[in-house]
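Chain and residue survey
Given next are the chains, with one letter for each unit.
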Amino acid sequence: MADPLLEQALACVDSFYQRIFRDWPGAVTQTVGDCTVSYSGDTRLTGANHIWPQHPNALSEAVLDDATRFFARFHAAWSIVLIDTYMPGWGEWLESGGYYGRWSTPLMVLTGPPRAVRANPATRIVTASAPQHIADTGRVMAEAFASGAGVNNRISRAEHLGASDILHYLAYVDGEPAACATIALCGEMAGIWNVGTRYRFRRQRHATTLMLAVLDDLRARDIQASMLMASSAGQPLYEQLGYRQIGVTTYYGPPYRPGFSGI
């Protein structure tokens, strides 16, 4: 690969999906060709119900046909997860077959310490250690992302308390949860997920302060590299911190096929 961090970042994405969505009760995952095909247990989660290619040439018409039948069993909406720099040209191939981009997000990495940015001294950062912290994480996510229980319950789980590889961070302001982030450790890199801020706390550097605390903690754990998928609102902050884009992740939805349901 042109960028040596890309493969490591993709492994972090795959690991996050495994630990958050594929091991959920009711989830079903199988290998189709050289792709991981996973149903999350919720028919509406088009990002978690997905085809994940395990190498750049893993997709084929046969894989797509088998995956279509797999998801039809659950009447589930689904997507193909594709990173342009990992699988150049495959987006155009999918589009030529009627597949369409549901949404796209930059894949970004940071190595080493972040650039110096101003924090908010009124923000108190907490690493989740009690059930109330988990509940507050779900509360922030629900408001920040308008996400429902299908996502929130999978990400903000009580069983993560005390876990060594999944960490939840919260920013509090006067006792109120203002922002959150979930960290998934994956070897020498960490994945930073679901960085969100409740509406009335936005543009006050709470997410900035949260990110600085997370990155400080990672360096204390001797983890120098991190990856994330940036929203349009969050990308300017990540760029200020020193993250750089190494690809674009697009979630492709399937074309309508008579005889198949749930797609």
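Below or above, wherever it landed, is the structure these notes cover. Everything quoted here is computed from the prediction, not taken from an experiment. All residue numbers refer to position in the chain's written sequence, counted from 1. Local features in this predicted model are restricted to residues of pLDDT 70 or higher, and side-chain atom pairs are both shown and tallied only at a pLDDT of 80 or more, whereas totals for entire chains, interfaces and linings draw on every residue. Side-chain numbers come from the whole structure's heavy atoms, not from hydrogens or water.

We now examine the state of the cysteines. Here, disulfide denotes a covalent bond that connects the sulfur atoms of two cysteines. Disulfide assignment relies on a single distance test, namely cysteine sulfur atoms paired within 2.5 Å. Under the criterion given, the structure shown has 1 disulfide. Between the sulfur atoms of Cys-12 and its disulfide mate Cys-186 the distance is 1.8 Å. With the S-S bond torsion at 85°, the cross-link from Cys-12 to Cys-186 turns out right-handed. Taken together, the positions of Cys-12 in helix H1 (residues 4-22) and Cys-186 in strand S8 (residues 176-186) put the pair 174 residues apart, joining distant regions of the chain. Each helix is a run of DSSP H or I of at least 4 residues and each strand a run of E of at least 2, with the numbering of both proceeding from the N terminus.

Describing an aromatic ring pair means giving the distance of the ring centres and the angle of the ring planes. In this scheme Phe, Tyr and Trp rings, the latter by its six-membered ring, pair at centre separations within 6.5 Å, and the angle between planes marks the pair as stacked below 30 degrees, edge-to-face above 60, and tilted otherwise. Evaluated as defined, the whole model comprises 12 aromatic pairs. With a centroid separation of 5.0 Å and an interplanar angle of 10°, the aromatic rings of Phe-71 and Trp-78 are classed as stacked. Using a relative accessible area of 0% as the deciding quantity, one classes Phe-71 as buried. Only protein chains enter the accessibility calculation, which uses a 1.4 Å probe; a residue whose area is less than 20% of its type maximum is buried, one above 50% is exposed, and one in between is partly exposed.

The next point concerns the environment of Leu-215. Structurally, Leu-215 is set in helix H6 (residues 206-220). We classify Leu-215 as buried; its relative accessible area is 4%. Along the backbone, Leu-215 and Pro-114 are 101 residues apart, and their C-alpha atoms lie at a distance of 7.5 Å. The contact rule is simple, with two residues in contact once any of their heavy atoms fall within 4.5 Å. Leaving out residues up to four positions away in the same chain, Leu-215 has contacts with Leu-110, Pro-114, Ile-192, Ser-226, Leu-241 and Tyr-243.

Take the pattern of salt bridges next. Oppositely charged side chains can form a pair if their charged atoms are brought close together. When a carboxyl oxygen of Asp or Glu is within 4 Å of a side-chain nitrogen of Lys or Arg, the pair counts as a salt bridge. All chains considered together, the criterion is met by 12 salt bridges. Of the charged contacts, one joins Asp-216 and Arg-219 as a salt bridge, the two residues approaching to 2.4 Å between their closest N and O atoms. Taken as a pair, Asp-216 and Arg-219 lie in helix H6 at a separation of 3 residues, close to a single helical turn. Measuring nitrogen to oxygen at the nearest pair gives 3.4 Å for the salt bridge that ties Arg-221 to Asp-217. Classification of Arg-221 as partly exposed rests on a relative accessible area of 39%. Three or more residues joined by partner-sharing salt bridges are found here, namely Arg-139, Glu-143, Glu-176, Arg-198 and Arg-200.

A separate point is the pairing of strand S9 (residues 189-197). With 8 of 9 residues buried, S9 lies mostly within the body of the structure. Strand pairing follows a simple DSSP-based rule, namely that at least 2 bridges must link the two strands. Both S8 and S9 contribute to a ladder of 7 bridges, which runs antiparallel. When the bridges of S9 are listed, Ile-183 appears paired with Ile-192. Counting the residues in the hairpin turn of S8 and S9 gives 2 residues, including Gly-187, whose phi is positive at 70°. The pairing of S9 with strand S10 (residues 225-229) spans 4 bridges and is parallel. Residue pairing across strands places Met-189 opposite Ala-225, the latter belonging to S10.

With respect to the element layout, Thr-249 can be found in strand S11 (residues 244-253). By relative accessible area, Thr-249 is classed as buried at 0%. Discounting residues that sit within four places of it in the chain, Thr-249 has contacts with Val-81, Leu-82, Ile-83, Trp-103, Ser-104, Thr-105, Leu-107 and Met-229.

Mapped onto the elements, Asn-120 comes out in the loop between strand S5 (100-111) and strand S6 (124-127). The spacing of Asn-120 and His-206 is 86 residues in sequence and 6.3 Å in space, taken between C-alpha atoms. If sequence neighbours within four positions are ignored, Asn-120 has contacts with Gln-204, Arg-205, His-206 and Thr-209. Looking at Asn-120, its side chain comes within polar contact range of the main-chain oxygen of Gln-204, at 2.7 Å. The definition of a polar contact used here is a pair of N or O atoms within 3.5 Å, where within protein one atom must be able to donate a hydrogen and the other to accept one, and adjacent residues in sequence count solely through side-chain atom pairs.

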